[in-house]
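# Fold and contact review
In case you want the letters, here they are:
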Amino acid sequence: MKHYQPGIPPYNQWQFMIPQMPVLGPHDFQKQVQHIYDSIVAEATAADFYSRLMREAPDEMHRDFINHAYKDELEHLEAFTRLYKHFTDRIPQYTIEPVQYRTYKDGLLKALKDELEAADFYKGIIVSSTDQLVRDTYFLAMGDELEHAIRFNALLKAASW
């Protein structure tokens, strides 16, 4: 018979211990602001990319899925811009380099890869911050990026090449 102490959960080898936040260690203020700036540029770049990719979509489903991602990227851009202004009291100034791709299929593959990389980057920011506003903003964006990856993957599977 096992004995348990009140208030102390029983330990077994499969139980995960809940770590203290931030898991990856805190980012300093300048690094946090730089990550927000980088996210702004990435979201603006993705919105530009998807606006061009949408024009090449072969059918309604493709246009709808890409348009969904496009609109979400604009919402993320606005959210990250507000976050940047909150921390710096400045409107970010940036330029983008348009994403290059040869064919529509290459564009879909690039979009899928970019969405997965963005979700991973955002996850790193979430577990490196103690600021709830930062964590919530990035958590919502990360969820959307994963959804976009699923949609782009579906478009790749649905298309007849």
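See the structure shown above.
Predicted model, so just to flag it, every value in this text is computed and none were measured.

### Thoughts on the packing of aromatic side chains
- In total, this model carries 9 aromatic pairs according to the counting rule given.
- Plain terms: the ring middles of F49 and Y50 are 5.2 Å apart, the flat faces sit at 40° to each other, and that makes the pair tilted. Comparing F49 with Y50 shows no difference in burial state: the two are buried.
- Ring pairing ties together the aromatic residues F49, Y50, Y101 and F152, which thus form one cluster.
- One cation-aromatic arrangement involves R151 over F65; the distance from NZ or CZ to the ring centre is 4.8 Å.

### Observations concerning helix 3 (residues 104-126)
- Between its first and last C-alpha atoms helix 3 spans 33 Å; for 23 residues at 1.5 Å apiece the expected length is 33 Å, and the two agree.
- Among the residues of helix 3, those classed as buried are Y104, G107, L108, A111, L112, E115, A118, A119, Y122, G124, I125 and I126.

### Side note on unusual backbone geometry
- The backbone phi angle of D89 is positive, close to 60°, even though this residue is not glycine.
- Its location among the elements puts D89 in the loop between helix 2 (60-88) and helix 3.

Reading guide: rules and limits
Residues numbered from 1 in each chain as written. Predicted model: local features only at pLDDT ≥ 70, side-chain atom pairs only at ≥ 80, totals over all residues. Heavy atoms only, no water. Phe/Tyr/Trp six-rings, centres within 6.5 Å; stacked < 30°, edge-to-face > 60°. Buried < 20%, exposed > 50% of the residue type's maximum accessible area, 1.4 Å probe, protein only. Lys NZ or Arg CZ within 6 Å of the ring centre and 35° of its normal. Helix = DSSP H or I, 4+ residues; strand = E, 2+ residues; numbered from the N terminus. Expected span 1.5 Å × (residues − 1).

All quantities given are derived from atomic positions and should not be read as evidence of function.
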